[in-house]
Amino acid sequence: MLEIDVLTLFPELFDPFVETAFVGQARAKGLVEVRVHPLRDWARDRHRSVDDTPYGGGPGMVMTPEPLIPAIEALAGPAGPGRKCRVVALSPQGRPLDQARLETLVDEKRLVLVCGRYEGFDQRVLDLAVDEELSVGDYVLSGGEIPAMVVIEGLVRLVPGVLGNPESTQIESFGGDLLEGPQYTRPPEYRGHGVPDVLLSGDHAAIARWRQEEAVRRTRERRPDLLGRSRNESNDG
Ligand code: JCZ
């Protein structure tokens, strides 16, 4: 059982996500629990503030430690060796998420995902209450909610028993360090575009060879950075 707690200013963004499809099914099977907590519940002042102006000036607002750290500690306990779950904040400054990181994170019993808004977190939130920052890519979003859903979806499909066919977790792109090659289904001809003959040949060895070659070709074209890096390198960044 993987338990995930999410801290967010926009809990309603998660409603269809946690109730539908994948995550919903995994929850129904008792393999995963996702609990979404409104950060504003921890705000104590009259205006229920969660943000404040940045010291030193600059645009926008910063998430104050005042409700955020107590909220994280309520879910995860204080940081340190006694803490029983891992606290992950989503941020463009985080280490880039990859399949290797998901495969180690899924072994945690409990995760707390911290979603920011505005211009991000007061550094003391990260220093005092967060174990790790993760980025879902080198582009800027307006908050950590969609990145948190990316992490949840990537994790849930790795929980044993969630996928019907456990083979497909391994064979999908990034099970190895290659992109998937092209795939086809019926009809055999569509708007004048056919299907490669080898796939219709019934020659399984030839099909396996073709797929491998196509995967390498596509990876060389689109993601040359993935070739010439070993499985171990991908695990350690
Ligand atoms: C909070 N803006 C949290 C993460 N990979 C990635 N891109 N953008 C984010 C992100 C942006 C944010 C916040 C305010 C995460």
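Placed above this text is the structure.
All values reported here derive from a predicted model rather than from experimental measurement.

Participant: Any chance you could explain the sheet that holds strand β7 (residues 132-135) here in plain terms?
Facilitator: One key point about sheets: their strands pair by backbone hydrogen bonds, in either a parallel or an antiparallel sense. Within the open sheet, the 5 strands sit side by side as β2-β1-β6-β5-β7. Their pairing is parallel. Since the sheet does not close on itself, it has two edges, and those belong to β2 (32-38) and β7, each with one partner. When strand polarity is set aside, the average angle formed by the axes of neighbouring strands in this sheet is 30°. Sheet analysis places strand β1 (residues 2-8) next to strand β6 (residues 110-114), joined by 5 bridges and oriented parallel. Residue pairing for β6: Asp5 is matched across the bridge by Val112. Contacts from helix α6 (residues 145-156) reach β1, β2, β5 (86-96) and β6 within the one sheet, and its direction differs from that of β1 by about 175°.

Participant: Just checking my understanding: could you explain unusual backbone geometry for this structure?
Facilitator: For residues other than glycine, phi is negative in most cases, and the peptide bonds are mostly trans. For the bond running from Arg186 to Pro187, omega is 5°, close enough to zero to count as cis. Of note, Pro187 is situated in the loop between α7 (167-171) and α8 (197-200). Notably, Arg48 is not glycine yet its phi reads approximately 50°, a positive angle. With respect to the element layout, Arg48 can be found in the loop between β2 and β3 (51-52). Given the relative accessible area of 39%, Arg48 is considered partly exposed.

Participant: Where do I start with the site of the ligand in this structure?
Facilitator: Neighbouring residues of the ligand: 16 residues in total, closest Tyr118, Val136, Gly137, Tyr139 and Leu141. Within the backbone of Val136, a nitrogen or oxygen atom sits 3.1 Å from a nitrogen atom of the ligand. One of the backbone nitrogen or oxygen atoms of Leu141 is found 3.1 Å away from a nitrogen atom of the ligand. Considering the ligand on its own, with 360 Å² of exposed area, one finds that the protein chains cover 96% of that surface. If you tally residues by element for the shell around the ligand, the top one is β5, at 3 residues.

Participant: Is there a simple way to explain a nonpolar patch on the surface in this structure?
Facilitator: The grouping of Tyr139, Leu141, Ile146 and Val150 at the surface amounts to a nonpolar patch, some 370 Å² of accessible area in total. Looking at the element boundaries, Val150 is found in helix α6. Owing to a relative accessible area of 39%, Val150 belongs among the partly exposed residues under this scheme.

Parameters at a glance
Residues numbered from 1 in each chain as written. Predicted model: local features only at pLDDT ≥ 70, side-chain atom pairs only at ≥ 80, totals over all residues. Heavy atoms only, no water. Pairing = 2+ DSSP bridges. Helix = DSSP H or I, 4+ residues; strand = E, 2+ residues; numbered from the N terminus. Axes fitted to C-alpha atoms, helices over the stretch in contact; angles between N-to-C directions. Contact = heavy atoms within 4.5 Å. Buried < 20%, exposed > 50% of the residue type's maximum accessible area, 1.4 Å probe, protein only. Near = heavy atom within 4 Å. Polar contact = N/O pair within 3.5 Å; in protein donor to acceptor, adjacent residues only side chain to side chain. Areas by Shrake-Rupley, 256 points an atom, 1.4 Å probe, with all protein chains shown as cover. Patch = residues over 30% accessible without salt bridge, like charges linked within 9 Å, V, L, I, M, F, W, Y side chains within 5 Å. Salt bridge = Lys/Arg side-chain N within 4 Å of Asp/Glu carboxyl O.

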